[in-house]
Amino acid sequence: MGVYHSGSRAVQDRVGVRDLADHLGRAIGEGVRPVVAAFLELQPLLVLGAADPADGRVWASAVTGAPGFVRATGPRRISVATGTSGASGGADGPSSVDPLAVALATPGTPVGTIVLDPRTRRRMRLNGRLLPTPRGFAVETDRVFANCPKYIQRRESYETVDRTPGSPLRGTELTGEQRDFLAAADTFFLATLQPDGAGAELSHRGGNPGFVHVTSPRTLTWRDHPGNSMFLTLGNLARDPRAGLLFLDWTTGRTLQLTGEAATRFAPDGERTVRFTVTEAVDTPAALPLRWSAPEYSPANPDPTG
């Protein structure tokens, strides 16, 4: 498979951006360049998405650690040390109750990752195949590329806090409090799959609070704002509706992970709306040990009421 599959091509053609996508696609490489390696070693947060090998459900999760816990260890490899800080549920590594615990222990799992720095509004995407290691896991990369800072909220600083994760609350519908939490969010991460097991993708979505609309205990929607014109995520959804969402509380470390299916609606005026239907929710208090400063909203964020 090339940079784009038939799902991405169909969306690009529908929007009329195939030529632009071809131009931007040339920036996608397989290797971890020195500038990327230097960026990785400064970050305390990695977000990843994959499918649970047991049931095929797609989830997104987060791993944290002292800067240097993610680093390049080869021309096409990054290594993640989870023995210093956990993934959605522990300071000693990925929690056994995290929905992606099995995936992180399964060699060859397709995984999409984002390393995002709110301080500089920079993000790097590194996708590939997972390999468990004695200290955590590695990713043999087949896609490495940067995205623009659009829709990333700037957070000037963070501190590491000693927290004990709470017991995850699982459900098949969103509670009233969870619905309020989602409606107040300014950021989430979206995991999808490429066709035929070719890979996984993780993308970032951001906006002013209110950009996520919770329309029922099992349904939420958001407008798909103009981005890099590659349509990797919407292209995946055109071929496989399975998806996973991760919402973070940047102050308390809470994570709310959702798995389900998503579909894109194209309005006659060109506006795109994604509708996500929840299959299961996992809500973990104090899951991550990071406390970030208050956000400075991106100037690119559209008015959520518009």
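This text gives an overview of the structure that appears in the document. (Residues numbered from 1 in each chain as written. Predicted model: local features only at pLDDT ≥ 70, side-chain atom pairs only at ≥ 80, totals over all residues. Heavy atoms only, no water.)

1. Focus: the overall build of the protein
Which entries qualify depends on this criterion: Secondary structure elements follow DSSP: runs of H or I of four or more residues count as helices, runs of E of two or more count as strands, with numbering from the N terminus. Here the term buried applies to any residue with accessible area under 20% of the maximum for its type, exposed to any over 50%, and partly exposed to those in between, with areas from a 1.4 Å probe on protein chains only. For this analysis, residues touch if any pair of their heavy atoms sits within 4.5 Å. For accessible areas, the Shrake-Rupley method is used with a probe of radius 1.4 Å. Any residue's cover is judged against the shown protein chains and nothing else. Neither His nor the chain termini are counted; the positive set is Lys and Arg, and the negative set is Asp and Glu. Note on charges: their place is set at NZ of Lys, CZ of Arg, CG of Asp or CD of Glu.
Along the protein, the regular secondary structure elements total 6 helices and 17 strands. Judged by the C-alpha coordinates and their principal axes, the protein covers about 50 × 45 × 40 Å. When burial is assessed residue by residue, the protein has 54% of its 306 residues classed as buried. When contacts within the protein are restricted to residue pairs at least 6 apart in sequence, long-range pairs at least 24 apart make up 70% of them. Total accessible area computed for the protein in this model is approximately 12400 Å², and 52% of it derives from carbon and sulfur atoms. Where the 33 positive side-chain charges of the protein centre and where its 31 negative ones centre are 4 Å apart.

2. Describing empty space enclosed by the protein
Which entries qualify depends on this criterion: Lining residues are those with an atom within 4 Å of a point, where the points come from a 1 Å grid over the protein atoms alone and group into cavities, where a 1.4 Å probe fits but cannot get out, or pockets, open sets with protein on both sides within 12 Å along at least five of seven lines. Grid points are joined across faces, edges and corners, and a volume is the space filled by probe spheres set on the points. Polar here means any residue outside two lists: the nonpolar Ala, Val, Leu, Ile, Met, Phe, Trp, Tyr, Cys and Pro, and the charged Asp, Glu, Lys and Arg; Gly therefore counts as polar.
Across all of its chains, the model carries 3 cavities of 30 Å³ or more by this definition. For the largest cavity, the lining is made up of 23 residues, of which His204, Arg205, His225, Gly227 and Asn228 are closest to its centre. Secondary-structure elements contributing two or more residues to the lining of the largest cavity are strand E6 (122-133), strand E11 (200-206) and helix H6 (232-239). Take the lining of the largest cavity: its biggest share by element is 4 residues, from E11. Its residues assigned to classes, the lining of the largest cavity comprises 8 nonpolar, 9 polar and 6 charged. One number sums up the size of the second largest cavity: a volume of about 70 Å³.

3. Focus on the sheet that holds strand E7 (residues 136-147)
Applicable threshold: When DSSP finds two or more bridges between a pair of strands, those strands are recorded as paired. Interaxial angle, 0 to 180 degrees, is taken between N-to-C directions of lines fitted to C-alpha atoms, where a helix line uses only the stretch in contact.
With antiparallel pairing, the 7 strands of this open sheet are ordered in space as E2-E1-E5-E6-E7-E4-E3. Looking at the sheet topology across the chains shown, the edges are occupied by strand E2 (58-64) and strand E3 (70-74). The average angle at which neighbouring strand axes cross in this sheet is 35 degrees, direction not considered. Bridging between strand E4 (residues 77-81) and E7 involves 5 bridges; their strand directions are antiparallel. When the bridges of E7 are listed, Ser79 appears paired with Ala138.

4. Comments concerning helix H5 (residues 176-183)
The cut-off we apply is this: It is the directions from the helix axis to the C-beta atoms whose arc is reported.
Every buried residue of H5 is accounted for by Gln178, Phe181 and Leu182. Buried residues in H5, looked at end-on, bunch into an arc of 95 degrees, giving them a common side. On its buried face, H5 is in contact with strand E9 (169-171), strand E12 (212-216), strand E13 (219-223), strand E14 (242-248), strand E15 (255-266) and strand E16 (272-284).

5. Some thoughts on the packing of aromatic side chains
For clarity, the cut-off: Aromatic rings from Phe, Tyr and Trp, with only the six-membered ring used for Trp, were paired whenever their centres fell within 6.5 Å, and each pair was classed as stacked if the ring planes differed by under 30 degrees, edge-to-face if by over 60, and tilted otherwise. Think of it as a cone above the ring: NZ of Lys or CZ of Arg counts as a charge over the ring if it is within 6 Å of the ring centre and within 35 degrees of the ring normal.
Inspection of every chain in the model, using the stated rule, returns 5 aromatic pairs. With a centroid separation of 5.8 Å and an interplanar angle of 15 degrees, the aromatic rings of Phe188 and Phe211 are classed as stacked. Here Phe188, found in strand E10 (residues 187-193), pairs with Phe211, found in the loop between E11 and E12; they are 23 residues apart in sequence, far enough to count as distant. Classification of Phe188 as buried rests on a relative accessible area of 0%. Relative accessible area serves as the criterion here: at 6%, Phe211 is assigned to the buried category. Three or more aromatic residues joined by ring pairs make a cluster, and in this case those are Phe188, Phe211, Trp222 and Phe247. Above the ring of Phe181, the side-chain terminus of Arg254 is found at 4.2 Å from the ring centroid.

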